[in-house]
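Residue-level structural notes
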Amino acid sequence: MRVSNLLLPTLREVPAEAEVISHQLLLRAGFMRKAAAGVYTLLPLAWRVIRKIEQIIREEMDRQGAQEIMMPIIQPAELWQESGRWDIYGPELFRLKDRHGRDFCLGPTHEEIITSLVKGEVNSYKQLPLLLYQIQNKYRDERRPRFGLMRGREFIMKDLYSFDRDQAGLDVNYNKMYEAYTNVFRRCGLQFRPVVADSGAIGGSDTHEFMVLAESGEATVLYCADEKCGYAANQERAETVSATSRTNNAPDELQMVVTPGCRTINEVTEFLNVPSEKLIKTVIYSTDKENVAAIVRGDREINEVKLYNVLDCVRLDLADEQTVHSVTGAPVGYAGPVDLSGVRLVADIEVIGLVNAVCGANEKDKHLVNVNPQRDFKPDLITDIRLVKAGEPCPHCGAELQEARGIEVGQVFKLGTKYSKALGGTFLDENGKATPFVMGCYGIGVTRTMAAAVEQNYDDRGIIWPVQIAPYHVIVVPVSNKDQNLMQVAESIYNALNNSGVETVIDDRPERAGVKFNDADLVGYPVRVTVGSKRLANGEVELYLRRDGETVPVPLEDVVGAVKERLRMMDERCF
Ligand code: ATP
Ligand code: MG
């Protein structure tokens, strides 16, 4: 491919709307353009990267015995109503009507469609296990589409579904997929970490997310400092080690004290001169069913995912001021669990061990001191609802937990019989008994993986593609278009590389060398072959390695061999 023909609209300026590196660089380097919020056109180089990632995924899925299919994007509402998700999915589901007024949605995921398919086509245990996947556009009307391809409203996903006769079969396939995902992300040249993740209200079922570690990641990952232990979890899910604080203090008499204008934990700790771990933080939430008061120690934060999971609700939001007032009888900032009625009280385990604690008095400018949870209030539920932070002990080995930011590029999930039961998907077992399929689902964000690769591979000049997913391996740059001899040499290197299977472009534009070099750095070709008159006089050209910034003179006759050798070395580094 000639750069003069390539649709590669690079930009000099950083686009104002782009907050994260991958978004900025993919726009600047001419890989994509926005069509609407969270909706992008992928230009030729981006599409080449995507196809390479897809190819790696295909090879790894096929290696595990999976079969590729293509399901419809448009899905009938009836299936979603059967599974119960038509209502639960909420505004994230893109809904539409056909000309007859029938309801449809654009698929955000395909559990319903595939379960209904397999229900119709597979009826004996002899046909199991079955692994089916597709690579396709998905649609989610995200509340906050942002960061370019990271959180789009239309994006490419690989989704695979496993069907087994029993839990043991599911376990086998889950492990296979875990291995396949590990291979995929390793082969894409990414640094990643599988972490234990939240499985939602169902609880108990296994799920892991594959996190690419990068500063811009939306997720927080906690991992054990002890490599041998290997515990790693999404913060949403990370378990606490609940060491209930033991003191020998006897409970004192409950008292109300005046705390003028003290609404926040800081204000109260300063005013009353007590440490924040002696406080009880009370936060009022509204769900679709009820109001909830959640309490944690003053120095802790509530983990809303854990709270959501124990509440059995569809929606969980922070209560507005009015609700707080009507529940507690006081303005925001004075809520407390003592004598609080008409709400469900959910207490974090740690709170229960407190002695002579401090909490809001449900009255403006007042707090209670010497609060003793065992004596002064009765929670409806006592469970782990707090957020774990770096520095706390690992729940497996007790070593210190560390924190990192992660981009979720994939997730593997044991669904069990949730969808097969809801949609009546059964097969006949050896005894002729109708049994629901035991299912798993496994997703990889293909477009997000491309963005994540950029987040991990760039410098101040642009993208540095890992060689296995680079749009092209090599760019040949003749430094002057006017020198006929130089152009001829460049053309012949370009042809020789392409003929030997190295994906190569030539920058044949009548631009200054500096412009070509800058563009090549921005786009991120792993190798640049610079053809200039000085070296050529010695029968040499120069290889420039994008990642290391190294330049190597190479005799003309060795160019193809030298380039291949370098690419092979880079490739190995990816493995
Ligand atoms: P998130 O928590 O980031 O919203 P999710 O857990 O809802 O993602 P899954 O249903 O597990 O996503 O989808 C599988 C994969 O699809 C994710 O691991 C992620 O890589 C990708 N993905 C999900 N939502 C988006 C999106 N809006 N834009 C781009 N990729 C996405
Ligand atoms: Mg997920």
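Keep in mind that this is a model prediction, so the values were computed, not measured. (Residues numbered from 1 in each chain as written. Chains lettered and ligands numbered in written order. Predicted model: local features only at pLDDT ≥ 70, side-chain atom pairs only at ≥ 80, totals over all residues. Heavy atoms only, no water.)

Structural notes on the site of ligand 1
As a matter of local geometry, ligand 1 sits amid 14 residues, with R140, E142, R151, G152 and E408 nearest to it. Between ligand 1 and the protein, one listed contact pairs a nitrogen atom with a backbone N or O atom of M150 at 3.3 Å. Those elements giving two or more residues to the shell around ligand 1 turn out to be β8 (154-164) and β21 (401-416). Residues of the shell around ligand 1, tallied by class, amount to five nonpolar, four polar and five charged. (Near = heavy atom within 4 Å. Polar contact = N/O pair within 3.5 Å; in protein donor to acceptor, adjacent residues only side chain to side chain. Helix = DSSP H or I, 4+ residues; strand = E, 2+ residues; numbered from the N terminus. Nonpolar A, V, L, I, M, F, W, Y, C, P; charged D, E, K, R; others polar.)

Comments concerning the pairing of strand β14 (residues 280-287)
Along β14, seven of the eight residues are buried, which leaves the element largely enclosed by surrounding structure. Here β14 runs beside strand β15 (residues 291-297); their pairing, made up of seven bridges, is antiparallel. Pairing of V283 across the sheet is with A294, part of β15. From the end of β14 to the start of β15, which pair antiparallel, there are three residues. Sheet topology note: the β14/strand β16 (residues 316-318) ladder contains three bridges and is antiparallel. (Buried < 20%, exposed > 50% of the residue type's maximum accessible area, 1.4 Å probe, protein only. Pairing = 2+ DSSP bridges.)

Side note on the packing of helix α2 (residues 44-63) against helix α13 (residues 446-456)
Here α2 crosses α13 at 110°, and the two axes come no closer than 10 Å. Comparing their axes, α13 and α2 come out roughly perpendicular. As for how α2 packs across α13, the hand of that crossing is right-handed. From α2, A46, V49, I50, I53, E54 and I57 reach across to α13, where they touch V446, T447, T449 and M450. Its residues placed into classes, the contact of α2 with α13 shows seven nonpolar, two polar and one charged. (Axes fitted to C-alpha atoms, helices over the stretch in contact; angles between N-to-C directions. Parallel < 35°, antiparallel > 145°, perpendicular 65-115°, else oblique. Left-handed = near helix turned anticlockwise from the far one by under 90°. Contact = heavy atoms within 4.5 Å.)

Here we look at the packing of aromatic side chains
Tallied over the entire structure, the rule returns 11 aromatic pairs. On the basis of an interplanar angle of 35° and a centroid distance of 5.6 Å, the ring pair of F31 and W465 is categorised as tilted. Residue F31 is found in the loop between α1 (21-28) and β1 (32-36), and its partner W465 is found in the loop between β26 (462-463) and β27 (474-478); the two are separated by 434 residues along the sequence. The same class applies to F31 and to W465, which are both buried. Consider the rings of W80 and Y89, whose centres lie 5.6 Å apart with planes at 85°: the pair is edge-to-face. The pair formed by W80 and Y89 is uniform in burial state, with each residue classed as buried. Of the aromatic side chains, those joined through ring pairs into one cluster are Y178, Y181, F185, F192 and F210. Cation over ring: R95 sits above W86, and NZ or CZ is 4.7 Å from the ring centre. (Phe/Tyr/Trp six-rings, centres within 6.5 Å; stacked < 30°, edge-to-face > 60°. Lys NZ or Arg CZ within 6 Å of the ring centre and 35° of its normal.)

Looking at the domain arrangement of the protein chain
Segmentation of the protein chain into domains returns domain 1 (16-238 + 402-455), domain 2 (255-383) and domain 3 (472-572). On the domain 3 side, the residues contacting the seven residues of domain 1 number six residues. Carbon and sulfur atoms make up 59% of the area that domain 1 and domain 3 hide from each other, which totals about 580 Å². Of all residues in domain 1, the largest losses of buried area upon contact with domain 3 belong to L45, R48 and K52, amounting jointly to 59% of the total for that side. Across the pair E503 and R48 runs a salt bridge, and its minimum N-O distance is 3.1 Å. Linking domain 1 with domain 3 are three residue pairs in polar contact (both at pLDDT 80 or more), by the criterion used here. (Domains from an automatic or database assignment. Buried area = accessible area lost by both parts, 1.4 Å probe. Salt bridge = Lys/Arg side-chain N within 4 Å of Asp/Glu carboxyl O.)

Looking at helix α15 (residues 513-523)
Every buried residue of α15 is accounted for by V515, K516, D519, A520, D521, L522 and V523. Buried residues in α15 make contact with α1, α2, β26, β27, β29 (527-531) and β30 (540-545). Of the residues one or two after α15, G524 is the one with positive phi, at around 95°.

Remarks on the pattern of salt bridges
By the definition in use, this model includes 45 salt bridges. In this structure, E491 and R2 form a salt bridge, with 2.9 Å as the shortest nitrogen-oxygen distance. With E491 in helix α14 (residues 484-499) and R2 in the segment before α1, this residue pair connects regions lying 489 residues apart in the sequence. Judged by its relative accessible area of 21%, E491 falls in the partly exposed class. The partner of K364 in a salt bridge is D365, and the shortest N-O contact between them spans 3.5 Å. Accessibility expressed as a relative area gives 22% for D365, which makes it partly exposed. Put simply, R297, D299, R300, E350, R386 and E392 are held in one network by salt bridges that share partners.

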